[in-house]
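Structural overview
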Amino acid sequence: MPAMAVVGADGGGGKLTGQVLICSIIAAFGGLMFGYDIGISGGVTSMDDFLIKFFPSVYVKKHRAKQNNYCKFNDQYLQLFTSSLYLAAIVASLIASFVCKKVGRKPTMQAASVFFLVGAIINASARDLAMLIIGRLLLGAGVGFGNQAVPLFISEIAPANYRGGLNICFQLLITVGILIANIINYGTSRLHPNGWRVSLGGAAVPAIALLIGSLTIVETPTSLIERGKLDEGLRALKRIRGTDSVDTEYEEILHATEMAKKAEGSFRSLAKPSSRPQLICGTIIQIFQQFTGINVIMFYAPVLFQTMGFGSDASLLSAVVTGLINVASTFIAIFTVDRCGRKVLLIEAAIQMLVAQCTMGITLAIHLKSTNEIPNGYALFVVFLVSFFVAGFAWSWGPLGWLIPSEIYPLETRSAGFFFAVGMNMLCTFIIAQVFLTMLCTMRSATFFFFSAWIVVMGCFATFMLPETKGIPIDEMNERVWKKHWFWKKYFKDEDDNQKVGF
Ligand code: BGC
C-alpha cells in the first residue's frame, strides 16, 4: 500500500471550516433546482387550467362521472411531460462527466444553472406542447449537469469525517425544493388561468441562486490538481482547510492524480475487474433508490390523493405535509450518517418502507374499488403511511443514493463512474414517471406490492453486499474498503493479472 494512502487517514479527516460549509451549501443549491422540478410537475399536471390548455382529453377524463378511480390520469403525453426531463438529463450527465473532468466541477455547476434558467423561462411562457417539452429538455440538461457535479464537488472538498453530513446537504436541498414547489402549487392552483405559469417559472429562482453562488466558491483542489494546476490546487486546499499545514492531504491528492494519469482513460478503466465493485454498488444503489417507489409519491402524491377521493386542495395540502416530513427526516440523516454509518440507515429504512408499502397496498386493495371513494378515516391512514414511508426514505436511500456513489470511486474513475449513478437515477426516474400512472390503472393496489418486492431485495443487498464507507478518506477506499470486503476483495486479488478473475 502506498505510504500516502495511510497518512491520509487523519489528513482527510480534518476539521470542518466555514469555507467548506459555505461552499457545500452553495453547491447544494443544485439540489434545490432538482427538487423544485420534482415537486412542481405533479401539482401542475393536476391543475385544470394546465390540463385544459395542453391535455384537454385528460381534463375530460378526469371529470367524467364514474371514471375508474385508478385510471383517471392515465395518459401517455401527460406522463411524457413529467418524464421527458429525465431523458435529457441522462444525455446531459454523460456530457457533464467529461466537462467535470476536463473543465472542472465549478463550471459544470454554472452551466447547469444556465440551462435550468432558460428552461424555466421557456416553460413559464409556453404556448403549446412543443414549447413545454423543449423547456423540460433544457431543465433536464440543467439537472444532468448539476447532479453530476454537485455531489462530487461536496465529497471532494469535505473532510472525511464530515463527508456524509455535508454531502447530504445536496439531498436536503432536494427535499426543500420539493416542499417549496408543493407550497407554490398550493397557492398557484387558485390563480386562474395562469397559476401553472408561476409554478413553472419559479424554477428560475434556484437556478439564479446557484449561478450567483457558484461565482463565489472555490474549485475543488482535486479537480485543479488533476488538471495540472498544482499551485492553484494547493492554495485552494489551504483555503478550504483554513490552515497552511495541508501537506499530507496535498500529497495524497497528488498521488491519486498520478495514479489516475497512469490509467487508460476513465471509461476504459471502469471496464477493469477492479472497478467492478464500485461500478456495481454505485449504480445498483440508484436503481434501488428509484424502485423504492419514492417518485410515485413525489410526482403523483396529489394525483394519488385525488384518486382516493380528496379534493384538489386537500390533495395538494397532503403533499405539503409529506414534503415537510421529507425535509425534517433528512436532517436525521445529516446528523447520523457519519456516526452510525451508512449501512444501518439503509437497512432500518428498508424495513420501515416495506411495512409502509405493504400496508398501503392492503388498505387500498380493501377500501378503494374502481368507482367508490375511500372512507375518510382510511384516506388519512394512507396519508400517514405515505409519510412513514417518506421519512424512512429521507434518512437513508434518498441521500445515500447520492453520497455512496460519489465517495467510493478512485479518482481515475470517479467522474465516469458517478455518471453511471446519475444516469441510472435519471433512467429509472424516467421509467417510473412514464409507467406509474399506467401501472396504477392496470395493476391497481398491487402496484404497491411490486415496490415491496424491490425493497426486500435492496434490504438484503445493503445487509450482505454493501461495504461501510463511514469516515474513510475518499482516496483510500480501494485499500481500506474494497480490498477488505468478504466478497468484493476477489476483484483485487491480483490487479496486474486481473483477467484471471471471473465475474
Ligand atoms: C431522488 C429523487 C427523489 C427525492 C425525494 C432524491 O434522492 O433522487 O428521485 O424524488 O430524493 O426526496
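So, a few notes on the structure that sits alongside this text. Keep in mind that this is a model prediction, so the values were computed, not measured.

A closer look at the pattern of salt bridges
Between side chains of opposite charge, a pair can form as their charged atoms come close. Scanning the model with the defined rule gives 13 salt bridges in all. Across the salt bridge formed by aspartate 37 and arginine 136, the nearest N and O atoms sit 3.0 Å from each other. Of this pair, aspartate 37 sits in helix 3 (residues 29–44) while arginine 136 sits in helix 8 (residues 129–157), and the two are 99 residues apart along the sequence. What makes arginine 136 buried here is its relative accessible area of 0%. Across the pair glutamate 156 and arginine 105 runs a salt bridge whose closest N-O atoms are separated by 2.6 Å. Residue glutamate 156 is located in helix 8, and its partner arginine 105 is located in helix 7 (residues 105–124); the two are separated by 51 residues in the primary sequence. Judged by its relative accessible area of 1%, arginine 105 falls in the buried class. Salt bridges sharing partners connect three or more residues here, namely Lys101, Arg105, Glu156, Glu226, Arg414 and Asp475.

Focus: the site of the ligand
Neighbouring the ligand are 14 residues, the closest being Gln171, Gln289, Gln290, Asn295 and Trp402. Take glutamine 171: an N or O atom from its side chain is 2.6 Å from an oxygen atom of the ligand. Between glutamine 289 and the ligand, the recorded distance is 2.9 Å, taken from a side-chain N or O atom to an oxygen atom. Considered on its own, the ligand offers 310 Å² of accessible surface; in the complex 100% of this is hidden by protein. Put simply, the parts of the chain that give the shell around the ligand at least two residues each are helix 3, helix 9 (163–188), helix 16 (276–290), helix 17 (294–307) and helix 21 (397–407). Here the element with the most residues in the shell around the ligand is helix 9; it accounts for three residues. Partitioning the shell around the ligand into residue classes produces six nonpolar, eight polar and no charged.

Focus: the packing of helix 3 against helix 9
Viewed as axis vectors pointing N to C, helix 3 and helix 9 meet at an angle of 35 degrees, and their least axial separation amounts to 6 Å. Regarding helix 3 and helix 9, the two cross each other, and that crossing is right-handed. Contacts between helix 3 and helix 9 involve Phe29, Gly30, Gly31, Leu32, Phe34, Gly35, Tyr36, Ile38, Gly39, Ile40, Gly43 and Val44 from the first element and Phe170, Leu173, Ile174, Val176, Gly177, Ile178, Ile180, Ala181, Asn182, Ile184 and Asn185 from the second. Tallied by class, residues from the contact of helix 3 with helix 9 come to 15 nonpolar, eight polar and no charged.

Quick look at unusual backbone geometry
Cis peptide bonds are those with omega within 30 degrees of zero, and the linkage from histidine 192 to proline 193 qualifies with -5 degrees. Checked against the element boundaries, proline 193 lands in the loop between helix 9 and helix 10 (195–201). The backbone of arginine 444 shows a phi angle near 50 degrees, a positive value even though the residue is not glycine. Note on placement: arginine 444 falls in the loop between helix 22 (411–443) and helix 23 (446–464). Exposure remark for arginine 444: the relative accessible area of 29% places this residue in the partly exposed category.

Digging into the environment of serine 83
Mapped onto the fold, serine 83 is located in helix 6 (residues 76–102). In this structure serine 83 comes out as buried when scored by relative accessible area, which is 0%. Residues serine 83 and leucine 427 lie 344 residues apart in sequence; the distance between their C-alpha atoms is 9.4 Å. Dropping the residues within four chain positions of it, serine 83 is found in contact with Phe430, Ala433 and Gln434.

Here we look at the side chain of histidine 485
You can see histidine 485 is positioned in the segment after helix 24 (477–480). Overall, the relative accessible area of 9% leaves histidine 485 in the buried class. Within polar-contact distance, the side chain of histidine 485 engages the backbone nitrogen of tryptophan 488 at 3.2 Å. Those residues in contact with histidine 485 that lie beyond four places of it in its chain are Phe464, Met465, Leu466 and Pro467.

The rules behind each value
Residues numbered from 1 in each chain as written. Predicted model: local features only at pLDDT ≥ 70, side-chain atom pairs only at ≥ 80, totals over all residues. Heavy atoms only, no water. Salt bridge = Lys/Arg side-chain N within 4 Å of Asp/Glu carboxyl O. Helix = DSSP H or I, 4+ residues; strand = E, 2+ residues; numbered from the N terminus. Buried < 20%, exposed > 50% of the residue type's maximum accessible area, 1.4 Å probe, protein only. Near = heavy atom within 4 Å. Polar contact = N/O pair within 3.5 Å; in protein donor to acceptor, adjacent residues only side chain to side chain. Areas by Shrake-Rupley, 256 points an atom, 1.4 Å probe, with all protein chains shown as cover. Nonpolar A, V, L, I, M, F, W, Y, C, P; charged D, E, K, R; others polar. Axes fitted to C-alpha atoms, helices over the stretch in contact; angles between N-to-C directions. Left-handed = near helix turned anticlockwise from the far one by under 90°. Contact = heavy atoms within 4.5 Å.

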